[in-house]
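Observations on chain architecture
So the chains spell out like this:
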Amino acid sequence: MAGHSQFKNIMHRKGAQDAKRAKQFAKVIREITVATREGMPDPAMNPRLRAAISAAREVNMPKDTVERAIKKASGAGGGDDYTEVRYEGYGPAGVAVIVEGLTDNRNRTASDVRAAFSKHGGSLGETNSVSFMFTRLGVIAYPLDAASEDDLIEAGLEAGAENVETVDGMHEVTCPVESFFAVRDALESRFGEPASAKLDWRPSNTVELDEDKARSVFKLIDTLEDHDDVQAVYANFDVPDDVAEKLSA
């Protein structure tokens, strides 16, 4: 279990629950709101909004819910104003953690994130205190039957991608952040909608955790991800398969 894919693994470990889905919907709606206000309410003219709508489909958000969120965000004075925030720090066992969020109250969110780190044996650091240990990139994933690896490599490289490989039973295309929307749109026009498309933080190196340390790290990540203002959590841990099986039992 690698840190960069911890969200998928933790979701699998905890199971799909109604309360979790409601939180997912709320987080996606925040991203739709920010994307709509940052650009235009027309997804065809707003790459970030297209990405947000894709994220909504990933969590099975009803189409009418998406449309209501866009309509509300594009109306005069409709809804809350959110600011993008990022926090960095160290969790248990020296694991580096990046937290991304959207908030309508910076002071509240910073206080809550700092308290979460402190409660679970970590410490919140300054901006860029751990991000140098990660690479920011775009990640577009397709099922194996959507296209051959050779076709994806050809199309991806033409559009500006850097790498294509098979990961966890999926074709994974990675690209620089500045090429993300162009690569995603080029691949979508040829192979259809991807299974997922997002910006990610990938660690340059990882910290291997035993069972006790992994449990402590997961508690911190769970607490952070449960916060309404937190959109995503990234960490540079690695958990051996036998330990992951024990924790997911």
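Let us look at the structure shown here. It should be emphasised that the depicted structure is a prediction, and the values quoted were computed from it without experimental measurement. (Residues numbered from 1 in each chain as written. Predicted model: local features only at pLDDT ≥ 70, side-chain atom pairs only at ≥ 80, totals over all residues. Heavy atoms only, no water.)

What follows deals with the side chain of Arg30. If you trace the backbone, Arg30 turns up in helix 2 (residues 18-38). The buried category is assigned to Arg30, whose relative accessible area is 12%. In this structure, Arg30 is in contact with Tyr82, Leu102, Thr103, Asp228, Asp229 and Gln231, ignoring residues within four places of it in sequence. (Helix = DSSP H or I, 4+ residues; strand = E, 2+ residues; numbered from the N terminus. Buried < 20%, exposed > 50% of the residue type's maximum accessible area, 1.4 Å probe, protein only. Contact = heavy atoms within 4.5 Å.)

When two helices pack together, their arrangement is given by the angle between their axes and by how far apart the axes lie. One way to put it is that helix 6 (residues 149-159) packs onto helix 7 (residues 180-191) with a least axis distance of 9 Å and a crossing angle of 140°. Judged by the angle between their axes, helix 6 and helix 7 are oblique. Handedness of the crossing formed by helix 6 with helix 7: right-handed. Taking contact as the criterion, the partners of Asp151, Leu152, Glu154, Ala155, Gly156 and Ala159 in helix 6 are, on helix 7, Ala182, Val183, Ala186, Leu187, Arg190 and Phe191. Its residues assigned to classes, the contact of helix 6 with helix 7 shows eight nonpolar, one polar and three charged. (Axes fitted to C-alpha atoms, helices over the stretch in contact; angles between N-to-C directions. Parallel < 35°, antiparallel > 145°, perpendicular 65-115°, else oblique. Left-handed = near helix turned anticlockwise from the far one by under 90°. Nonpolar A, V, L, I, M, F, W, Y, C, P; charged D, E, K, R; others polar.)

Helix 8 (residues 211-226) packs onto helix 5 (residues 106-119) with a crossing angle of 165° between their chain directions and a minimal axis gap of 9 Å. Classed by the angle they form, the pair helix 5 and helix 8 counts as roughly antiparallel. In this structure, helix 5 meets helix 8 at a crossing whose hand is right-handed. Residue-level contacts link Val113, Ala116 and Phe117 of helix 5 to Leu220, Thr223 and Leu224 of helix 8.

A word on the nonpolar core. If you look at the biggest cluster of nonpolar residues, it comprises 24 residues, and the most contacted ones within it are Val97, Leu224, Phe237 and Val239. Put simply, the parts of the chain that give this core at least two residues each are strand 1 (83-90), strand 2 (96-103), helix 5, helix 8, strand 9 (230-235) and helix 9 (241-248). With six residues, the single largest contributor to this core is helix 8. In terms of nonpolar packing, the next biggest core, distinct from the first, is built from 14 residues, Tyr142, Ala155, Ala161 and Val164 among them. (Core = buried A, V, L, I, M, F, W, Y, C linked by side-chain atoms within 4.5 Å.)

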